[in-house]
Amino acid sequence: MKIKLLIIDDDKVSLLIAEKFLIVSGIKKIVQEILIFNKPIDALKLLFAAEDNDEMCQLWILLDINMPKISGWDFLNRVESVDLKKDVKVIMLTSSISEEDKNRAASYNSVYGYISKPLDMDKCNEIKQIILNSENGI
Amino acid sequence: MSVQLSGIEAYHILDTEPSEQFDNLTQLALKICKADAAFVSFADNDRQWFKSKVGFDYSEVPLATSICKYLIDEKLPFLNIPDLSLDNTFKEYLAFVEYGVRFYVGFPLIAPDNSILGNFCVVGFEPQHLDEVQLEFLKTMADQTMILMESHRLNYELSIEAERLEKRRIVTDTAAVIGKLGGLYLDLSGNDIFWTPSNNVLFNLNRDYSMTFEEFETGVFGIDKSASLVFHRIREFSNSQTASNSKFSFDFATDDRMIEVHCELIEKELYVVFQDVTVENELREQLQMREMEAVQTANTYKSLVNNSTFYICKAGIDGRLTFCNDFYAAELGVDSLETSWDRLDFFHSVTPAYLDYAKEVFFKVASGREAKCRILLKETNRDQVEVSNLWDFIGLKNSQNEVSEVLCLGYDVSELEDNRVQVQLLADYTAFQNKKLLEYNSIVSHDIRSHVANAVGLISLMDLISDEEEQQNYFRLLKKEIRKTDRTIIALDKLTSLTSVFENGKEPVSLYYLIEQVFELLRKTKPHARFSSVNNIPVDLIIFSIREYLENVFLNVFANSLKLVSPDRELQIEIEASQITNSILQIKIEDNGIGIDMKQYGDELFKIQRPLKDTQYGNGIGLYLVKKQIEALGGRVDIQSENGNGTTINLEFLNYED
């Protein structure tokens, strides 16, 4: 099945760093498409639009927490409040080092991982492993 | 005495044995009168009973047909019948017809009340005439019989009385033993002594012992030596007394008992009473102990009740006071001259603002809806100072299980309350600071960290990527991130200073009216404070600031002045304000109090919990808050004071002239 990776962050530098590292780490071997979102609302729009086409695909999201207008938490609440046809799985990618945020993230069903910024090769491998494990049903 | 007997019954002679004394009389009469029979008889209902008889054997005969009955019925002085056969009346009588009696002479036996009890008679079987001497003799015999009768009666009564006396003696002796009483009587002139047997019990003597007069007279007693000591003392007393009447008492202790001895000499008679008071002494001692304990307990309670820490009072269910301790009377009571007690109720001292609340809670307890309640009340004491008292109301029930009174226990928590208010202020301030700190923390953890994370990420990318153009791009971005970090840090500094926070709450405030309001508030909340105020602030001066904070600042500044009142003069607070530059408004507050020793306290003035002067002036937090609040408003504070000569406080606020 086709896997798409959405990276959502209000910080463009952070987005750039994430995309570069993931590509260098060879994420493309697992993920067929990477989509970058500077505004969470655009990502939401895409999610709900994708509901209408029959394309069979798996959606993975790297999600920042502290964003203006729609925070990472708002985003998660929206996603979990509706019964999406598409399989959506989230890995938090945030600069927050607060234990409180980490625990809160764990309380969401759709959250599969929690990675703190900045990304490096090890963390990229961790993300790949989470995706592979999930796809293999581990 | 039992029922008074009359007639023959009173003599208790009927059916008694024959008596020699009576028989002597009848035998003598028989001989003197040469008669065949003589007798003494008594009439008893329907029989004639013979106490004494000579010449026949009947002990009694029917009364109805006897000659004696005739004698009695006719109340004759005597009856002399020389020959019954010649007498028309008596020749029909049984005496003649049945027994052949021919001669009869009888004299009545007359009791002192003139009633006739019976008669003294002689009879013969031959006719006979008695001469004068013989008749006189028979009369004498009848009189003599009556003397014997009286004697018999007295003997009988005496024997009865003796019996009664013996019973009484036994009862008395027994009672004396049981009652632990003893007695001794001495007739010193008649050498007579009376010894109460119960003495033997009291002094552990032989139960048959009885003291003789000789023993007492010689002082040689046939009893145990220790017991004889008491009689020696009695002897000494009786010998030493020359006065005719005197008394003497002493206590005598034996091994196991205490005996009180009371002697009384009346003329030549000595009365001595012994009383065993062992138990009474023990009881008295116990009673004294109890009494002492009771007095101690009472004193303890009294000192508790009249302590100088707690108010204790009782009120009826209408709130009227029925009792109060000294402390209450001294602190909250009113002069008894001004108000009579029965008009004083619990609420008289409660300040108006707390009155409804106090009544609601009190009557909750008085009505029995609550067993007890605790309540904090503001009250005005006798010195017209407002104090905070913590009260417990407790319902007291009567025997019908209804609340009849309310016990009120209270103590003064004014100082605690003052501290609580100040601590609350500090807590509010601390909470505010804490909130700022949390915001600071959140900014540090997110904003700065996200920049640093980006910088670290970019540096890692520069290692990873070899393309020079791309590397330069990352370097450019890196510089940007570092600049952003710097800006964030500058913004943080702004955030942590209080000033910026208050920009939103600012409003134009008329300083003159604000100060007037504060003075009014001060006079209301501290009605006992005596001070005058001079407000020299221009009426049209407007300061752009936060009203609540300004009020607080001036309340604290003025309260500080009130704490430093000079005993020599009434406090005067003077305030003026002027715009010293385009942006700075200076407010000057002067008082004529005792001032502050700046050398000693100057550095400490604005620190928390540095009490100024004595502890009674509070904990010094007031000026600390003033400084913080003024700084929060973007101003500064400056104090000048000469010890003993008042204090001047200069406040400077940022205030832009339009």
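Residues numbered from 1 in each chain as written. Chains lettered and ligands numbered in written order. Predicted model: local features only at pLDDT ≥ 70, side-chain atom pairs only at ≥ 80, totals over all residues.

### What to know about the overall build of chain B
In terms of regular secondary structure, chain B is built from 16 helices and 23 strands. Burial analysis of chain B (658 residues in total) assigns 26% to the buried set. Taking the intrachain contacts of chain B between residues at least 6 apart in sequence as the baseline, contacts between residues at least 24 apart amount to 53%. (Helix = DSSP H or I, 4+ residues; strand = E, 2+ residues; numbered from the N terminus. Buried ≥ 20, exposed ≤ 12 C-beta atoms within 10 Å, placed from the backbone. Contact = placed C-beta atoms within 7 Å.)

### A word on the overall build of chain A
Each helix and strand counted, chain A has five helices and five strands in total. Helices (α) and strands (β) of chain A occur, in sequence order from the N terminus, as β-α-β-α-β-α-β-α-β-α. Per-residue burial over chain A gives 33% buried out of 138 residues. Contacts spanning at least 24 positions in sequence make up 69% of the contacts within chain A whose residues lie at least 6 apart.

### Remarks on the interface of chain A and chain B
Facing 15 residues of chain A, the contacting portion of chain B comprises 14 residues. Looking at the side of chain A that touches chain B, its residues break down into six nonpolar, five polar and four charged. (Nonpolar A, V, L, I, M, F, W, Y, C, P; charged D, E, K, R; others polar.)

### Focus on the UniProt feature "modified residue: 4-aspartylphosphate" (unreviewed entry) in chain A
All names here are of chain A. Within the UniProt annotation, "modified residue: 4-aspartylphosphate" (unreviewed entry) is assigned to D64. Inspection of the secondary structure assignment puts D64 in the loop between β3 (57–63) and α3 (72–81). Given 25 C-beta atoms within a 10 Å radius, D64 is considered buried. (UniProt positions renumbered as here; feature names shortened; annotations may be inferred.)

### Things to note about the confidence of the model for chain A
For chain A, the mean per-residue pLDDT works out to 87, and 99% of the residues sit at or above 70. Averaged over each element, pLDDT in chain A is lowest for helix α2 (residues 40–50) of chain A (87) and highest for strand β2 (residues 33–37) of chain A (93). (pLDDT = per-residue confidence, 0-100.)

### Some points on the environment of H528(B)
All names here are of chain B. Position of H528 among the secondary structure elements: in the loop between α13 (511–525) and β18 (531–535). Sequence spacing of H528 and D383 is 145 residues, and the spatial spacing of their C-alpha atoms is 8.4 Å. Excluding residues within four positions of it along the chain, H528 makes contact with Q384 and V385.

### Description of the packing of α13(B) against helix α14 (residues 547–563) of chain B
Residues and elements named next belong to chain B. Direction vectors running N to C along α13 and α14 enclose 55°, while the axes themselves pass 10 Å from each other. As judged from the angle between their axes, α13 and α14 are oblique. Pair α13 / α14 crosses with right-handed handedness. In contact with L514, I515, V518, L521 and L522 of α13, α14 contributes R547, L550, E551, F554, L555 and F558. Class assignment for the residues of the contact of α13 with α14 results in nine nonpolar, no polar and two charged. (Axes fitted to C-alpha atoms, helices over the stretch in contact; angles between N-to-C directions. Parallel < 35°, antiparallel > 145°, perpendicular 65-115°, else oblique. Left-handed = near helix turned anticlockwise from the far one by under 90°.)

### Some thoughts on the packing of helix α1 (residues 20–32) of chain B against helix α4 (residues 132–178) of chain B
Residues and elements named next belong to chain B. Remark: α1 packs on α4, axes separated minimally by 10 Å, with the N-to-C direction vectors making an angle of 175°. In terms of orientation, α1 and α4 fall into the roughly antiparallel class. In this structure, α1 uses Q21, F22, L25, A29 and I32 to contact α4, whose residues at the interface are Q134, F137, L138, M141, Q144, T145 and L148. Tallied by class, the residues present in the contact of α1 with α4 amount to eight nonpolar, four polar and no charged.

### Observations concerning the sheet that holds strand β6 (residues 116–124) of chain B
All names here are of chain B. If you walk across this open sheet you meet the six strands as β3-β2-β1-β6-β5-β4, and the pairing is antiparallel. A single partner strand is all that each edge strand has here, and the edge strands are β3 (60–62) and β4 (79–81). Shown here is a sheet whose adjacent strand axes are inclined to one another by a mean of 25°, direction ignored. Pairing analysis gives eight bridges linking strand β5 (residues 103–110) to β6, with the strands arranged antiparallel. Pairing of P108 across the sheet is with N119, part of β6. (Pairing = 2+ DSSP bridges.)

### Topic: the environment of I459(B)
All names here are of chain B. Mapped onto the elements of the fold, I459 is located in helix α11 (residues 414–464). A count of 15 C-beta atoms within 10 Å places I459 in the partly exposed class. Residues I459 and Q471, 12 residues apart in the sequence, show an inter-C-alpha distance of 9.2 Å.

### What to know about the pairing of β6(B)
Residue and element names in this part refer to chain B. Summarising burial for β6: nine of the nine residues are buried, a large majority. Pairing between strand β1 (residues 37–44) and β6: six bridges, direction antiparallel. The residue of β6 that forms the bridge with V40 is F120. Counting the residues in the hairpin turn of β5 and β6 gives five residues, including N114, whose phi is positive at 70°.

### Comments concerning unusual backbone geometry
Note the cis peptide between K117(A) and P118(A), where omega equals -5°. Summarising the element assignment, P118(A) is placed in the loop between β5 (111–116) and α5 (121–135). You will see that K180(B), though not glycine, has its phi angle at about 55°, which is positive. Mapped onto the fold, K180(B) is located in the loop between α4 and β7 (181–187).

### Details of the environment of Y104(B)
Residue and element names in this part refer to chain B. Looking at the element boundaries, Y104 is found in strand β5. Sequence separation between Y104 and V122 is 18 residues, and the spatial gap between their C-alpha atoms is 6.1 Å. Sequence-distant contacts of Y104, that is, excluding residues within four places in its chain, are made with I67, L79, I81, L84, A95, C121 and V123.

### Some words on helix α1 (residues 12–24) of chain A
Residue and element names in this part refer to chain A. Between its terminal C-alpha atoms α1 stretches 18 Å, which fits the 18 Å expected from 13 residues at 1.5 Å a residue. Among the residues of α1, V13, S14, I17, A18, F21 and L22 are the ones counted as buried. The arc that holds the buried residues of α1, viewed along the axis, is 155°, so those residues lie on one side. Looking one or two residues past α1, G26 carries a phi angle of roughly 85°, positive in sign. (Expected span 1.5 Å × (residues − 1). Arc of directions from axis to C-beta.)

### Examining the nonpolar core
The nonpolar side chains of a soluble globular protein tend to be buried, and buried together. Core analysis: the largest hydrophobic core is formed by 41 residues, its most contacted members being Y104(B), F120(B), C121(B), V122(B) and L138(B). Where this core is concerned, the elements lending two or more residues are α1, β1, β2 (47–54), α2 (67–73), β5, β6 and α4 of chain B. In terms of residues, this core owes the most to one element, β6(B), which gives six residues. Contacts of F120(B), omitting those with residues within four sequence positions, involve V40(B), G106(B), F107(B), L109(B), L138(B), M141(B), A142(B) and T145(B). Counting residues in each nonpolar core, the second largest holds 34 residues, with L5(A), A43(A), W60(A) and L461(B) among its members. (Core = buried A, V, L, I, M, F, W, Y, C linked by C-beta atoms within 7 Å.)

### Structural notes on the pairing of strand β14 (residues 372–380) of chain B
Residues and elements named next belong to chain B. As defined by bridge partners, β14 adjoins strand β15 (residues 386–397) across nine bridges and the pair is classed as antiparallel. In the sheet register, E379 faces β15, and the bridge partner there is V387. Linking two consecutive strands that pair antiparallel, namely β14 and β15, is a turn of five residues; a positive phi of about 65° is found at Q384 within it.

### Considering the confidence of the model for chain B
Do not read the predicted coordinates in detail wherever pLDDT is low. Considering every residue of chain B, the mean pLDDT works out to 83; 88% of them sit at 70 or more. Within the model, the stretch residues 608–621 of chain B combines pLDDT values under 50 with 24 contacts to residues more than four positions away or in other chains.

### A word on the sheet that holds strand β22 (residues 636–641) of chain B
All names here are of chain B. Sheet architecture is open: five strands sit in the order β18-β20-β21-β23-β22, paired in mixed fashion. Only two strands of the sheet have a single partner each, and these edge strands are β18 and β22. Sheet twist, expressed as the mean angle between neighbouring strand axes with direction ignored, is 15°. By the bridge criterion, six bridges tie β22 to strand β23 (residues 647–654) in an arrangement that is antiparallel. From the neighbouring strand, V637 faces β23, where its bridge partner is L651.

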